[in-house]
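Here is what each chain is made of, one letter per residue.
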Amino acid sequence: MLAVCLRYVHQPADAEDVFIEGIYKAMTRLDSFRDEGSLEGWVRRIMVNECLMFIRRQKHFQFADDASLEFLVDSEPDIGSEMAARELLKLVDLLPLGCKTVFNLYSLEGMKHQEIADLLGISVNTTKTQLMKARLKLQDLVRTKLGVDATKI
């Protein structure tokens, strides 16, 4: 669960604090677990919500705008065998906080756009735009990491 917190909260010390708050909340509300899914999924949801509340309290939640994304990608390279998942997660951590949060919620937590919009208090179109921008930025970061010339792809 600490790894979940680290995906959302940039500083390890802050992620540990959020983790502890999440564990405390899970333990004190264990009686509200309805056994309708896995305990791990229930605790994960608590951790994600704690992370989002931390981000809101810190007022660091900003979405990427078009000016901050100086790239345009037309195709995707096959990087499956060239880059480990751990390296990709490090690149996800480099995304602007708004993009990273939407990307994590959609791609890693499996939430739908409407769920994300409701959770973050934004429109569905904003979640879709931020996801697209996150994917494009990740493609750009992967190309840079692998030394791939984007004009040859």
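First things first, this report covers the structure right here in the doc. (Residues numbered from 1 in each chain as written. Predicted model: local features only at pLDDT ≥ 70, side-chain atom pairs only at ≥ 80, totals over all residues. Heavy atoms only, no water.)

**Examining the nonpolar core**
Nonpolar side chains tend toward joint burial in soluble globular proteins.
Okay, step 1: Among the nonpolar cores identified, the biggest contains 32 residues, and Tyr8, Val9, Leu95, Leu105 and Leu138 are the most heavily contacted of them.
Okay, step 2: Secondary-structure elements contributing two or more residues to this core are helix H1 (2-8), helix H2 (12-28), helix H3 (39-58), helix H4 (85-92), helix H5 (97-108), helix H6 (113-120) and helix H7 (124-146).
Okay, step 3: Sorting elements by how many residues they give to this core places H3 first, with nine residues.
Okay, step 4: Leaving out residues up to four positions away in the same chain, leucine 105 has contacts with Tyr8, Val48, Leu52, Gly110, Met111, Ile116, Leu119 and Leu120. (Core = buried A, V, L, I, M, F, W, Y, C linked by side-chain atoms within 4.5 Å. Buried < 20%, exposed > 50% of the residue type's maximum accessible area, 1.4 Å probe, protein only. Helix = DSSP H or I, 4+ residues; strand = E, 2+ residues; numbered from the N terminus. Contact = heavy atoms within 4.5 Å.)

**A look at the packing of H6 against H7**
Okay, step 1: At a minimum axis separation of 8 Å, H6 and H7 run at an interaxial angle of 110°. Considering their axes alone, H6 and H7 lie roughly perpendicular with respect to each other. Between H6 and H7, the residues in contact are His113, Gln114, Ile116 and Ala117 and Val124, Thr127, Lys128 and Leu131, respectively.
Okay, step 2: When its residues are assigned to classes, the contact of H6 with H7 shows four nonpolar, three polar and one charged. (Axes fitted to C-alpha atoms, helices over the stretch in contact; angles between N-to-C directions. Parallel < 35°, antiparallel > 145°, perpendicular 65-115°, else oblique. Nonpolar A, V, L, I, M, F, W, Y, C, P; charged D, E, K, R; others polar.)

**Observations regarding the packing of H4 against H7**
Helix-helix packing is characterised by the crossing angle of the two axes and by the distance between the axes.
Okay, step 1: Two numbers describe how H4 lies on H7: the axes approach to 10 Å, and their chain directions differ by 125°. The orientation of H4 relative to H7 falls into the category oblique. For H4 against H7, the interelement crossing comes out right-handed. Residues Glu87, Leu88, Leu91 and Val92 of H4 touch H7, and the partners they reach there are Leu138, Leu141, Val142 and Lys145.
Okay, step 2: Partitioning the contact of H4 with H7 into residue classes produces six nonpolar, no polar and two charged. (Left-handed = near helix turned anticlockwise from the far one by under 90°.)

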